[in-house]
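Single-letter residue listing:
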Number of protein chains: 2
Amino acid sequence: MSLLNSVWAIVAGLLGLAFAGYLAASVLKEPQGTERMKELSQAIFEGAMAYLNRQYKTLIPFAAVIFLALFFTRGQSYAVSFLVGAVFSALAGYAGMTIATKSNARTTQACIEGLDKGLSVAFRGGAVMGMSVAGLGLFGVSILYYFYGDPELIDPFAFGASAIALFARVGGGIYTKAADVGADLVGKVEAGIPEDDPRNPAVIADNVGDNVGDTAGMGADLYESYAATTIAAMLIGATSMEGELKIAGVIFPLLVGAAGLIASIIASFFVKMGPDGNPQAALNKGLWGTNIITGIATWFLASSPEFFGKFTEKSDTFPLGMPLGIFLAVVAGLVVNVAIGYITEYYTSYQKAPAREIAESSQTGPATNIISGLAVGLKSTMLPILVIVAATFIAHNLAGIYGIAMAAMGMLCTAGMVVAIDSFGPVADNAGGIAEMAELGPEVRKKTDKLDAVGNTTAAVAKGFAIGSAALTALALFNAFAEKVISAGKIQGEFALNLLEPTIVIGLFIGAAVPFLFCALAMKAVGTAAFEMIGEVRRQFREIPGLMEGKAKPDYARCVDISTKAAIKQMIAPGLLAVVSPLVVGFILGAKALGGFLAGTTVAGVLLAIFMANSGGAWDNAKKYIETGQYGGKGSDAHKAAVIGDTVGDPFKDTAGPSLNALIKVTGTISLIIAPFLNL
Amino acid sequence: MSLLNSVWAIVAGLLGLAFAGYLAASVLKEPQGTERMKELSQAIFEGAMAYLNRQYKTLIPFAAVIFLALFFTRGQSYAVSFLVGAVFSALAGYAGMTIATKSNARTTQACIEGLDKGLSVAFRGGAVMGMSVAGLGLFGVSILYYFYGDPELIDPFAFGASAIALFARVGGGIYTKAADVGADLVGKVEAGIPEDDPRNPAVIADNVGDNVGDTAGMGADLYESYAATTIAAMLIGATSMEGELKIAGVIFPLLVGAAGLIASIIASFFVKMGPDGNPQAALNKGLWGTNIITGIATWFLASSPEFFGKFTEKSDTFPLGMPLGIFLAVVAGLVVNVAIGYITEYYTSYQKAPAREIAESSQTGPATNIISGLAVGLKSTMLPILVIVAATFIAHNLAGIYGIAMAAMGMLCTAGMVVAIDSFGPVADNAGGIAEMAELGPEVRKKTDKLDAVGNTTAAVAKGFAIGSAALTALALFNAFAEKVISAGKIQGEFALNLLEPTIVIGLFIGAAVPFLFCALAMKAVGTAAFEMIGEVRRQFREIPGLMEGKAKPDYARCVDISTKAAIKQMIAPGLLAVVSPLVVGFILGAKALGGFLAGTTVAGVLLAIFMANSGGAWDNAKKYIETGQYGGKGSDAHKAAVIGDTVGDPFKDTAGPSLNALIKVTGTISLIIAPFLNL
């Protein structure tokens, strides 16, 4: 069978899923420890499932309306694509979350035996989400392409993915912070009990929140980027390539995805360490391995005679010839991966100057801590933007508009490993929580803390990856949108989004204002949800006799239920803003204004997302730096100021910031869907 | 003489200056009160002059380099235009600041006689700045046009204005906040003495700062908007009109400017009240009067047969005919004035929900206060953007690209009155400070406080005006830039900034990141300058024996000197970023990328500016609301939290936010200058 066949991508997708199954089985075989540990893990698992059930149930009517609308306006294939995109997102969510929440106590237990064993369990536990995301993404897109044979009919898959991702990000972000604030403010500050103390009624909700926010939210986010980028690249391949290259242009992104997924599977075997090894280094081996293997495989694919191998002559679009040009475009995307990771680490790690400056300025109180943190976040936007822009520039100069899509593909095809490493974080975090709640003693906690610290770094890196990839995905969607408008046949000549036309500028301004309003709504939502949570935790401390003395058990389930309900309720407003605003602009002001709108939303959304993620990360680590004993250490005035900064940073980095990724993509996928119906 | 003559604008400009002279003379005739009051006023005056001298001296080499560069590359006329633009800005600064700082003690003295007299002196004192700004702006542009007869040769005037405005905004913003923080943190918080206490070494610097930031900074800012908009409108008139209309299109903006200036003069006589009247209402009469008179005059101008009166037939560009279309475009600008004023008031006044919500959330501590304030600022961006966009849309639909320029002109032509009312604020604020320092008793202070409270509202409204007008100015400059690139003759056919070309998107992204980085630098600069100030104030309290007991006088001059030096030094980095970034993008990536860059800087700059100004204003007023006795009033925990929010808001609303106006304009004026030298 020729390489020019989407079956290879189907096979790779299934391989990813099989590997996820293998990992799941291997994790479930691990011992879960004491009864108490089992019980805690079970409570977290049930809380997470309760949230997912309620979230998906809430989205069913919404999805049904869209399904029917697509069915009657665009036909069955279109509607089915949408449904498959949404359902696979939910499947990945359930699979990944089930194993992640069943791995926590097992990781704690493994840590008793050794840090290396703990790392192994936590990584495998998280990798199920990673492999499910990449496997279902690739399998879904390629099987639909196999049946339909036309990338045009698949783009609702991306819309389905992004609709789910939007609410998963917003809802998950609200959940995790409402629970966190409730647990911290009443438990730690008011009642004076330590983190993860079993007497805290919100402690299970807090642990559920880690999974709901980081694992499920990030998984849905990157599943969406993965699907949308692949589809946009296929669409651009179909329109920008000609003759015998057309089919190669469409299939190639699928095979780059396959290469990235198989590279992730292989590199996951590199994530190992000795009993005294460094868990960060082990995870880094996985990331580097994935990038390098993907790069090599891409070269073989691009230079294969079935793809671009025969077209080595230089042209205006491909000044180095097609194989090398396209290969280097993918490499540019891989380099963005690595570069954004390092930049994010620089601006947020407390080993580096920015977070230390925030710590230093905490000495003069909360106001200077806040100003300093905001300044770090604002400043941190420039380098990632330059990296993204440089990759775009290089990719475009070496391989035209297809090159930009392939750079995005290069970045995204490693999503399997990135999500695996990101989901490792909440597993390790929960493992620590369970060690604390099950009172396993400081020796075990010390080991889980080591894993947790690594998890914080990988979370920051994954956040950078999610934003960077969202930016590239949005650019790819933006170009695909233009292609769609052109192929809808409403225009004579070229479709241009000329900034000198007021319509485009108007769209640009409105589009750029949307992320600002969206952030405000998301932050407000956290406040409202947290407020309900605080009320409930206070009530339990007040009304349950013997709770503080450890003689009575708190009502964990009620807190889980409250954060679930509050998150679902509060996700509606920002979610609707994201969905409705492109419809309003598109149908009232037309396709050109919508083009400007997309550019505005993307540019403002990406900048705000970087600003918020890095401010939040830096505040968090500035606090941790002080807790190492600097500037008076824990309990000092500097520490109190830093805690305030960290609290401000929470909705920044865990709610509004990550939700922006979903915002900029969902506006793109919606626009793609409505493109053929718009006036100019 | 026909209306089609720029002499009318020259006359109106001179009339404005004569009126400024008349106001100055009338204010200087007022009694200054006691020796102590004279002495304090003199100290503030000298401090302000010391700052201006140093600021302009620092800018001389910078201006000289540009002058020579323009002289040798573009010829004498070009270089002279630049110089006149810069020198007139400095002249307006000196004239306005001299009278403003000489009016403070006179206002205090007048308040002893009655609130109505106080209002009258303070308004006249501030109006000198207003009339100087509008008078010199209009006179400068029209006299250059009179001699050169070609708007092309005048655009360096705008660049001169914007170079000065940039540093005046950044430097002034740093000065005022460094002094404020120094005075508050050490004086009020550490030493526990009240605001404006004469024992506070930073008290004079603090009062100087009010003038340097609000009067000089705002004056330079609006002088720049005024000049740049007028010139851009003339340029667009020259290129978008044909035949006999060409000259009308060029002269008309000048006469709208003349109408606005004369309207400001007339309406300033409406700013009167009875002894028990409401000073806010009196100032509002001035604003409304200016808008209405300008509107009426514009109709007579537009429908005059010498301008567009003969062209009443409907066309694609002018669907209502030229007179009505152009008139309504100007009215759209006037409506933006009023609308943005109300929106700003809504989001910042403590009579309204947003600031009250921040106050309420202060009860749960500084973190919730900060989150709430940030959310208010983020949310407040949408409405002003929609207003600006609607005005652009209407103006463009009724009068084409010329309509957009005329909407900007409609907004800006009232600058005389807006600056007058804005400069009233620092005069009233200083008057209160002098009442306190000269120990005139609570009866006088109560009256100056009333004026000061009004000044806070007018300051917020002027800030909204400055941002809105900067946005429209930037749009006008953006279009003028495109015209310049076309007229440089490097392109065949149309010059388009097509967002589907990666170069444009790259420019857009880099451009949008610049305001983020710029804000970070400005905020950091405040921190550094404030740090030096705090050190000095602490030193004086420590080393000057008898200071706290009131037996020894502090060394005011040293504090004034330190904030001056620190502000000048710290303004360099953000200033250079603003000046250098468009050069780098233009010369390395070309004219198209620079077009994208300008769009990015404008859209991100405007949004960040609104966000920062309104967050800052709302935090300030949330604190004031609590001080009225809500949530425990002064000294409560809620109040402490609100003070922290207010401190965070200070560099937002008084440094970074206003500096962004200057940033987005200076990038535009620089681009206009370098346009002919750029590759595509």
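Rules of the game
- Residues numbered from 1 in each chain as written.
- Chains lettered and ligands numbered in written order.
- Predicted model: local features only at pLDDT ≥ 70, side-chain atom pairs only at ≥ 80, totals over all residues.
- Heavy atoms only, no water.
- Contact = heavy atoms within 4.5 Å.
- Buried area = accessible area lost by both parts, 1.4 Å probe.
- Salt bridge = Lys/Arg side-chain N within 4 Å of Asp/Glu carboxyl O.
- Helix = DSSP H or I, 4+ residues; strand = E, 2+ residues; numbered from the N terminus.
- Phe/Tyr/Trp six-rings, centres within 6.5 Å; stacked < 30°, edge-to-face > 60°.
- Buried < 20%, exposed > 50% of the residue type's maximum accessible area, 1.4 Å probe, protein only.
- Lys NZ or Arg CZ within 6 Å of the ring centre and 35° of its normal.
- Axes fitted to C-alpha atoms, helices over the stretch in contact; angles between N-to-C directions.
- Parallel < 35°, antiparallel > 145°, perpendicular 65-115°, else oblique.
- Left-handed = near helix turned anticlockwise from the far one by under 90°.
- Nonpolar A, V, L, I, M, F, W, Y, C, P; charged D, E, K, R; others polar.
- Least-squares fit on C-alpha atoms with pLDDT ≥ 70 in both.
- 1 Å grid on protein atoms, 1.4 Å probe; cavity = no way out; pocket = protein on both sides within 12 Å on 5 of 7 lines; lining within 4 Å.
- Points joined across faces, edges and corners; volume = space filled by probe spheres on them.
- Patch = residues over 30% accessible without salt bridge, like charges linked within 9 Å, V, L, I, M, F, W, Y side chains within 5 Å.
- Areas by Shrake-Rupley, 256 points an atom, 1.4 Å probe, with all protein chains shown as cover.

A. Geometry of the interface of chain B and chain A. On the chain A side, the residues contacting the 62 residues of chain B number 61 residues. Buried area between chain B and chain A, both sides added, is near 5,600 Å², and the carbon and sulfur share of it is 87%. Per-residue buried area on chain B facing chain A is highest for Leu-500, Phe-509 and Phe-516 of chain B; these three make up 14% of the total on that side. The interface formed by chain B and chain A includes two salt bridges. Note that Glu-357 of chain A is salt-bridged to Lys-524 of chain B, the shortest N-O span being 3.2 Å.

B. Geometry of the side chain of Thr-448 of chain B. Looking at the secondary structure, you find Thr-448 of chain B in helix H14 (residues 442-487). Beyond its immediate chain neighbours, meaning those up to four positions away, Thr-448 of chain B contacts Cys-111, Ala-428, Ala-431, Gly-432 and Ala-435 of chain B.

C. Structural detail: the packing of aromatic side chains. Evaluation of the coordinates by the stated rule reveals 42 aromatic pairs over all chains. Ring plane angle 70° and centroid distance 5.0 Å describe the contact between Phe-252 of chain B and Phe-308 of chain B, whose orientation is recorded as edge-to-face. Taken together, the residues span a long stretch of sequence, with Phe-252 of chain B in helix H7 (residues 245-268) and Phe-308 of chain B in the loop between helix H8 (279-302) and helix H9 (322-348) at a distance of 56 residues. The pair Phe-252 of chain B / Phe-308 of chain B is uniform in exposure class, with both members buried. Just above the ring of Tyr-78 of chain A sits the side chain of Arg-74 of chain A; from NZ or CZ to the centre is 4.1 Å. Its end group placed over the ring of Phe-45 of chain A, Lys-102 of chain A keeps NZ or CZ at 4.2 Å from the ring centre.

D. Fine view of the packing of helix H6 (residues 203-240) of chain B against H7 of chain B. All names here are of chain B. It is the contact of H6 with H7, at a shortest axis distance of 7 Å, that shows an interaxial angle of 160°. The angle between the axes of H6 and H7 places the two elements in the roughly antiparallel class. Note on packing geometry: the crossing formed by H6 with H7 is right-handed. Counted together, Tyr-226, Thr-230, Ala-233, Met-234, Gly-237 and Ala-238 of H6 and Lys-246, Gly-249, Val-250, Pro-253, Leu-254 and Gly-257 of H7 form the full contact between these two elements. A class-by-class count of the residues in the contact of H6 with H7 yields seven nonpolar, four polar and one charged.

E. How the structure looks around the relation of the copies chain B and chain A. When chain B is fitted to chain A, the residual RMSD is 0.0 Å, and the transformation amounts to a turn of 180° plus an axial shift of 0.0 Å. Such values leave the two copies arranged in the relation of a two-fold axis. Minimal C-alpha distance to the rotation axis in chain B is attained by Asn-498 of chain B, lying at 2.1 Å. Counting the interface residues of chain B, we find that 98% of their copies in chain A are interface residues as well, pointing to one common contact surface.

F. Up close: the environment of Val-121 of chain A. With respect to the element layout, Val-121 of chain A can be found in helix H4 (residues 115-148). The residues touching Val-121 of chain A, leaving out its near neighbours within four places in the chain, are Val-27, Glu-30, Ser-103, Arg-106, Thr-107 and Ala-110 of chain A.

G. Highlighting empty space enclosed by the protein. Per the stated rule, a full pass over the model turns up 16 cavities of 30 Å³ or more. What the largest cavity holds in volume is close to 100 Å³. What lines the largest cavity is a set of 13 residues, and nearest its centre among them are Ala-474, Phe-478, Leu-598, Ala-599 and Thr-602 of chain B. Looking at the lining of the largest cavity, the elements with two or more residues in it are helix H15 (502-543) of chain A together with H14, helix H18 (591-627) and helix H19 (637-674) of chain B. Split by residue class, the lining of the largest cavity holds 11 nonpolar, two polar and no charged.

H. Quick peek at a nonpolar patch on the surface. All names here are of chain A. Taken together, Trp-288, Ile-292, Ile-296, Trp-299, Phe-300, Leu-320, Leu-324 and Tyr-342 make up a surface patch of nonpolar side chains, about 800 Å² in accessible area. Of all elements in the fold, only helix H8 (279-303) and helix H9 (322-348) reach the threshold of two or more residues within the nonpolar patch. Tallying contributions element by element places H8 first for the nonpolar patch, with five residues. Checked against the element boundaries, Leu-320 lands in the loop between H8 and H9.

I. Molecular detail of the layout of surface pockets. Residues and elements named next belong to chain A. Counted as a void, the second largest pocket has a volume near 600 Å³. Every residue lining the second largest pocket is counted, 26 residues in all, and those nearest its centre are Ser-240, Thr-317, Gly-400, Ile-401 and Tyr-402. Of all the elements in the fold, those that place two or more residues in the lining of the second largest pocket are helix H6 (203-240), helix H12 (382-412) and helix H14 (442-487). If you tally residues by element for the lining of the second largest pocket, the top one is H12, at five residues. Across the lining of the second largest pocket, the residue classes break down as 13 nonpolar, eight polar and five charged.

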